[in-house]
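One-letter residues, chain by chain:
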Amino acid sequence: MSVLVIIFLTAVAALFSGVFNQGKFARYIGIAGLLAALYVSYLPEAQFFSQYRAMYEFGTNSALFTKISVVITLLLFFLGGFSFSNHRSHQSELYALMLFALCGAVVLFGYQNLVTLFLGIEILSIPLYVMAGASKSNLRSNEASLKYFLMGCFATGFLLFGITLIYGTSGSFDLYTIHAYALEFPKDTMLIMGMILMLCAMAFKVALAPFHMWSPDVYQGSPSLITTFMMSVVKIAGFYALFRLMTIAFVGVYDEWVNILGVFLIITLFLANVMGLAQSNAKRMLAYSSVSHAGYIALIFFGMNNMSTYYLAFYLFAYALASVGVMMSLIWVEKLKRETSYAAFKGLAKSEPLLATVAAISMLSMAGIPLTAGFMGKLSLFTQAMNGAAFLVLIAVLGSAISIAYYLRLIIAMFFFTESSFKTTEKVTLTYNILAVFIIVAIVALGVYPDLFAMQFGL
């Protein structure tokens with residue numbers, strides 16, 4: 001909880017920097033606070049917070065997912081200087097909202113009962129509704145904010161109705177009490193109904209089909225840095241929250257929900273990858289790519305073992321790194337061209353070879369090409385799921401093969417057009433170049449030597 005307090009205080013400081021007309025410093029305040037939070041996440045939890053363990057506990061797994069989320073948010077803050085240059089009048093609010101959303105993610109990493117789960121989801125979601133509409137003069141951004149808010153309200157209703165049924169039948173919000181009840185009464189109708197409602201609500205949060213309808217429009221309409229935050233940190237928080245819920249509270253009724261998740265997975269992988277092929281806009285294609293990755297990640301629920309949490313963390317971190325890598329190139333192109341069609345990327349490798357390279361390697365990692373972190377992440381999930389769902393693994397492999405086609409379209413646009421369409425003297429900043437090199441090295445290093453992940457995050 002020490003990390004949570006530090007991030008919250010950092011968000012407040014960033015917000016108040018705008019009150020004193022010093023919003024330009026909000027980014028630096030955020031970076032300093034996130035570095036402090038990352039350092040504290042490696043330390044033992046303070047004894048003072050032990051009194052809150054019934055609601056929230058910062059254990060080993062919570063610390064792992066907190067670390068990777070803070071690292072990804074740090075990368076986004078470094079990108080913010082360029083990405084938020086059009087939002088100078090309210091930069092402090094945007095950075096503060098991102099930090100408040102991260103607070104919600106940290107709550108989800110250690111929640112112990114359903115009340116804390118609900119609070120974490122709302123603390124994560126409400127800032128996102130605002131940030132999605134940050135480009136006030138952009139109709140797509142306004143639509144994204146409204147659509148996300150309305151669909152989020154429906155999902156929250158499902159979640160609360162499910163929590164109500166669970167509490168009514170088990171008499172408790174505590175995950176472990178619900179776990180014991182589910183083991184004793186696995187055929188309780190109200191328990192199963194509540195579980196299904198909660199599963200549907202969480203499927204919305206992680207964009208599993210058929211509850212993904214909001215994501216393409218919201219991802220495309222939101223400011224690109226906020227889209228990257230949704231694709232990475234929000235995905236990490238949502239999936240680990242779902243993982244805790246299903247493997248702690250509802251593991252006693254595993255047979256009742258695993259087939260439902262299997263159906264969601266099949267629909268997700270076919271629908272998202274086919275729709276990804278049909279796109280002519282790179283940002284929208286990446287939105288469907290994000291939906292498809294929700295399908296791959298859902299394989300974690302099949303053939304589970306004592307390494308499942310580690311596999312989940314590795315895959316989410318690899319995907320988040322790749323998301324930042326490809327989106328930083330998209331942010332650059334969007335700022336210069338004011339569009340994100342495939343044509344806008346033509347000749348990027350000629351004018352900015354490092355940006356094109358980091359985008360290409362990131363997409364190869366997303367596709368699961370060997371010697372990348374994404375390949376090792378998919379290999380871990382597929383190998384685990386082979387023990388209980390070989391058919392789903394086959395579908396996931398086919399989905400990965402289809403995804404290569406739409407990633408290659410963007411790579412071809414960047415590298416195989418000799419005439420550059422970038423008629424500008426503006427060059428990528430040093431910060432951008434450093435981040436690009438870091439992401440390339442990280443993706444390749446984790447693909448060649450995946451144990452680096454455990455070494456760096458203190459496992």
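Definitions and limits used
- Note on numbering: residues in each chain are counted from 1, in written sequence order.
- The predicted nature of this model means local features are confined to residues of pLDDT at least 70 and side-chain atom pairs, given and counted, to a pLDDT of 80 or more, with totals for whole chains, interfaces and linings taken over all residues.
- Side-chain figures throughout are based on the complete set of non-hydrogen atoms in the structure, without hydrogens or water.
- By salt bridge we mean one thing: a side-chain nitrogen of Lys or Arg within 4 Å of a carboxyl oxygen of Asp or Glu.
- Per the convention used, a helix needs a DSSP run of H or I reaching at least four residues, while a strand needs a run of E reaching at least two, with both numbered from the N terminus.
- Exposure is judged per residue with a 1.4 Å probe applied to protein chains only, and the accessible area is read against the type maximum: over 50% gives exposed, under 20% gives buried, and values in between give partly exposed.
- Here an axis means a line fitted to C-alpha atoms, over the contact stretch when the element is a helix, while the angle between two N-to-C directions is reported on a 0 to 180 degree scale.
- Between 65 and 115 degrees an angle is taken as roughly perpendicular, under 35 as roughly parallel, over 145 as roughly antiparallel, and anywhere else as oblique.
- Whether two residues touch is decided by their heavy atoms; if any such pair falls within 4.5 Å, the residues are in contact.
- We call Asp, Glu, Lys and Arg charged. Ala, Val, Leu, Ile, Met, Phe, Trp, Tyr, Cys and Pro are nonpolar, and the rest, Gly among them, are polar.
- Cavities and pockets are defined on a 1 Å grid built over the protein atoms alone: a cavity is a set of grid points where a 1.4 Å probe fits but cannot escape, while a pocket is an open set with protein on both sides within 12 Å along at least five of seven lines, and lining residues are those with an atom within 4 Å of any such point.
- Grid points are joined across faces, edges and corners, and a volume is the space filled by probe spheres set on the points.
- Residue count minus one, scaled by 1.5 Å, sets the expected span of a helix.
- A residue's bend is the angle separating two fitted axes: one through the seven residues that end there, the other through the seven that start there.
- Think of a patch as exposed residues, more than 30% relative accessible area, with no salt bridge, where like charges cluster within 9 Å and nonpolar side chains (Val, Leu, Ile, Met, Phe, Trp, Tyr) cluster within 5 Å.
- All accessible-area figures derive from a Shrake-Rupley calculation using a 1.4 Å probe, and residue coverage is judged against the displayed protein chains alone.

Asks: So what exactly am I meant to see when it comes to the pattern of salt bridges here?
Replies: Under the counting rule described, the total for this entry stands at 5 salt bridges. For Glu143, the salt bridge is made with Lys147, and the minimal N-O distance between the two is 3.6 Å. A residue pair is termed a helical-turn pair when its members lie 3 or 4 positions apart in one helix, as Glu143 and Lys147 do in helix 6 (residues 139–170) at 4 residues. The partner of Asp217 in a salt bridge is Arg284, and the shortest N-O contact between them spans 2.9 Å. With a gap of 67 residues between them, Asp217 in helix 9 (residues 214–221) and Arg284 in helix 12 (residues 282–297) connect regions that are remote in the sequence. Taking relative accessible area as the criterion, Arg284 reaches 19% and is therefore assigned buried. What you see here is one network of salt bridges that share partners, running through Glu143, Lys147, Asp217 and Arg284.

Asks: Just checking my understanding: could you explain the packing of helix 12 against helix 13 (residues 308–337) for this structure?
Replies: When two helices pack together, you describe them by how their axes are tilted relative to each other and by the distance separating the axes. Contact geometry for helix 12 and helix 13: axes closest at 12 Å, N-to-C directions at 180°. The pairing of helix 12 with helix 13 is recorded here as roughly antiparallel in orientation. Residues Ala282, Lys283, Leu286, Ser290, His293, Tyr296 and Ile297 of helix 12 lie in contact with helix 13, whose contacting residues are Leu312, Tyr315, Leu316, Tyr319, Val326, Met327, Leu330 and Glu334. Residue classes in the contact of helix 12 with helix 13 are distributed as 11 nonpolar, 2 polar and 2 charged.

Asks: Would you take a moment to explain empty space enclosed by the protein for this structure?
Replies: Where empty space is left can be seen by rolling a probe of water-molecule size over the atoms. Counting across every chain of the model gives 3 cavities of 30 Å³ or more. Of the pockets and cavities examined, the largest cavity occupies roughly 70 Å³. Contributing to the lining of the largest cavity are Ile121, Leu124, Ser125, Leu128, Tyr148, Met202, Phe204, Lys205, Trp214, Val234 and Gly238. Residue assignment for the lining of the largest cavity shows that the elements contributing at least two residues are helix 5 (114–132), helix 8 (189–205) and helix 10 (224–249). In terms of residue count, the dominant contributor to the lining of the largest cavity is helix 5 (4 residues). Tallied by class, residues from the lining of the largest cavity come to 8 nonpolar, 2 polar and 1 charged.

Asks: What's the story with helix 10 in this structure? I'm lost.
Replies: Since the α-helix packs 3.6 residues into each turn, any two residues three or four apart lie on the same face. With 26 residues, helix 10 should reach 38 Å at 1.5 Å per residue; the first-to-last C-alpha distance of 36 Å fits that figure. Maximum bend of helix 10: about 35°, positioned at Val234. Counted residue by residue, helix 10 has 25 buried out of 26 residues, so it is predominantly covered.

Asks: Could you clarify how one ought to interpret a nonpolar patch on the surface in this entry?
Replies: A grouping of Leu371, Val444, Val448, Tyr449 and Met455 is seen on the molecular surface, where their side chains present a nonpolar patch of about 500 Å² in accessible area. Looking at where Val448 falls in the secondary structure, it is placed in helix 18 (residues 430–448). Taking the relative accessible area as the measure of exposure, Val448 reaches 57% and is therefore exposed.

Asks: Looking at this model, I keep getting lost on the side chain of Ser232. Mind explaining?
Replies: Relative to the helices and strands, Ser232 is located in helix 10. For Ser232, the contacting residues outside a window of four places in its chain are Ile72, Leu76 and Ala320.

Asks: I'm lost on the environment of Asn433 in this one. Help?
Replies: For Asn433, the position within the fold is in helix 18. For Asn433 and Glu352, which are 81 residues apart along the polypeptide, the C-alpha to C-alpha distance reads 9.8 Å. Other than its neighbours up to four places away in sequence, Asn433 contacts Leu354 and Val428.

Asks: For this particular structure, what's the right way to read the environment of Ala294?
Replies: For Ala294, the location among the structural elements is in helix 12. Taking C-alpha positions, Ala294 is 31 Å from Gly168, a pair spaced 126 residues apart along the chain. If sequence neighbours within four positions are ignored, Ala294 has contacts with Val206, Ala207, Leu208, Lys235 and Phe239.

Keep in mind these values describe shape, not function.
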